[in-house]
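One letter stands for each residue in the lines below.
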Amino acid sequence: MTCAPPAETVAAPLLAWYERSGRQFPWRGLRDPYPIWVSEVILQQTRVETGLRYFEPFLARFPTVQVLAAASEAEVLAAWSGLGFYRRARNLHAGARLVVERFGGEVPRDPELLGELPGVGRYTVGAILSAAFNQRLPILDGNVIRVLSRVFLVEGAPDRAAVKRELWGLAEAVLPHDRPGDFNQAVMDLGATVCTPTGPRCGGCPLVDLCRAVAEGRTADLPAPTKRAKVVFEQRVAVLVQREDGRFLLRQRPPSGLLASLWELPADEADEDAAQQAAEDIADGFAGGLLAACGVVEHRFSHRHWTTRVFRARGGDGYEAGPLERWVALAELGELGLPTVSRKAIEAALAAQLRLI
DNA sequence: AAGTCGGGGGC
DNA sequence: GCCCCAGACTT
């Protein structure tokens, strides 16, 4: 068990540092909880640099919670395309509808109620309410875990329940009554820019004098590593079947599981030896001919690695798209929920064609 | 407690 | 290759 110094011991130097060295983001300083909510969902398990590319376009497309609630899920997934963890988009959309229907369009200020929205866990509740309303609620994300683990020498792996409880307790204990909103932002900035996973810049850290990991030369050991799922390798084939008018067929994936309800080229599992035959079988379903191999697309998910052999075929002009299928033109891709792996495969299939444009 | 769920960037 | 990221949710 660790012994935390008084809250002000941490807060005062950290807030002073934040005044000087804090980062500026488009969601900082806002009082409307809706854009802050959007930013926090976008940033879940996502680097700020990546989230920044999606935040403003998303808000431009869905400027209010009412607009988001009125949109279709397909529109929201289209705006989320390439960002990953697509359940976040589904939950945000469902949450917006709940806010409009149940709370009159006002994002709840009650942590209990806010936490009932899908996709809004304890971290996100604290992040939204402390930033928008300066409510004194702690947050615990990867940055905060790293800072607290080092400053207070928390040795256990942070994915263990007991360690997580201790870290939440520390996050609450160091949280000042004065400016909890700024403080939460400050800890995350510190974790992102100074107290980094590797090569922390302790010389520029406002907490260096009270950091126990620094005192014991243990910054490199903390936080303790967590267990990781083993990567599964899968080999697939995908076929871009193109009609005379240039449109090609996309299929919607099942509504649950990996890339749920997102669009992809007709595909199947097949290793290198079986790829050609599997591609022909797919093309045959649309009376496709002129099968051409277009290359291999590698794509890594967190715990899965897909090797996709991409083919292109002519055909399908007499084939009517089923309920989970759609003949699409290149210009329509922006309207669809299209994961990055699909975009890569389509680009590979059309590479020769695209170079002519 | 472990697994699922994307994608990108650093080393 | 491995690690991590402004996590939440299911099993």
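Everything quoted here is computed from the prediction, not taken from an experiment.

Engineer: Is there a simple way to explain the side chain of Arg88 in this structure?
Structural biologist: Looking at the element boundaries, Arg88 is found in helix H6 (residues 87-102). Among the polar contacts made by the side chain of Arg88, one reaches the main-chain carbonyl oxygen of Gln44 at a distance of 2.9 Å. Discounting chain neighbours no more than four positions away, the residues touching Arg88 are Val41, Ile42, Leu43, Gln44, Thr46, Trp80 and Leu83.

Engineer: Is there a simple way to explain the packing of helix H8 (residues 122-133) against helix H11 (residues 180-193) in this structure?
Structural biologist: Look at H8 against H11: their axes get within 8 Å of each other, and the N-to-C directions meet at 125°. In terms of axis orientation, H8 runs oblique to H11. Considering only the axes of H8 and H11, their crossing is left-handed. Contact residues: H8 offers Tyr123, Gly126, Ser130 and Ala131, while H11 offers Gly181, Asn184, Gln185 and Met188. Residue classes in the contact of H8 with H11 are distributed as 3 nonpolar, 5 polar and no charged.

Engineer: Explanation requested: the state of the cysteines in the structure shown.
Structural biologist: Scanning all chains against the criterion turns up 0 disulfides. We note that Cys195 lacks a disulfide partner, and the nearest cysteine sulfur, in Cys205, lies 6.2 Å from it.

Engineer: Help me understand the protein's contact with DNA strand C, please; the structure alone is not making it clear to me.
Structural biologist: Taken together, 27 residues lie near DNA strand C, and Gly119, Thr124, Asp141, Arg146 and Arg228 sit nearest. Taking the atoms of DNA strand C that fall within 4 Å of the protein, sugar and phosphate contribute 61% of them. Contact between DNA strand C and Arg23: a base nitrogen at 2.9 Å from a side-chain N or O atom of the residue. At a separation of 3.5 Å, a base nitrogen of DNA strand C approaches a polar side-chain atom of Arg28. Among the secondary structure elements, those contributing two or more residues to the surface near DNA strand C are H8, helix H9 (142-151) and H11. Grouping the amino acids of the surface near DNA strand C by side-chain chemistry returns 9 nonpolar, 9 polar and 9 charged.

Engineer: Sorry if this is basic, but what is going on with the side chain of Gln44 here?
Structural biologist: Among the structural elements, Gln44 can be located in the loop between helix H2 (33-42) and helix H3 (48-61). A polar side-chain atom of Gln44 sits 3.1 Å from a polar atom in the side chain of Thr124.

Engineer: Explain the protein's contact with DNA strand B here, please?
Structural biologist: Neighbouring residues of DNA strand B: 19 residues in total, closest Tyr86, Leu259, His299, Ser302 and Thr340. Taking all atoms of DNA strand B within 4 Å of the protein, the share assigned to sugar and phosphate is 57%. Within the backbone of Phe85, a nitrogen or oxygen atom sits 2.8 Å from a sugar or linking oxygen of DNA strand B. Between DNA strand B and His299 there is a distance of 2.8 Å, counted from a phosphate oxygen to a side-chain nitrogen or oxygen. Taken together, the residues of the surface near DNA strand B sort by class into 8 nonpolar, 9 polar and 2 charged.

The rules we used
Residues numbered from 1 in each chain as written. Chains lettered and ligands numbered in written order. Predicted model: local features only at pLDDT ≥ 70, side-chain atom pairs only at ≥ 80, totals over all residues. Heavy atoms only, no water. Helix = DSSP H or I, 4+ residues; strand = E, 2+ residues; numbered from the N terminus. Polar contact = N/O pair within 3.5 Å; in protein donor to acceptor, adjacent residues only side chain to side chain. Contact = heavy atoms within 4.5 Å. Axes fitted to C-alpha atoms, helices over the stretch in contact; angles between N-to-C directions. Parallel < 35°, antiparallel > 145°, perpendicular 65-115°, else oblique. Left-handed = near helix turned anticlockwise from the far one by under 90°. Nonpolar A, V, L, I, M, F, W, Y, C, P; charged D, E, K, R; others polar. Disulfide = S-S within 2.5 Å. Near = heavy atom within 4 Å.

These figures come from the coordinates and say nothing about function on their own.
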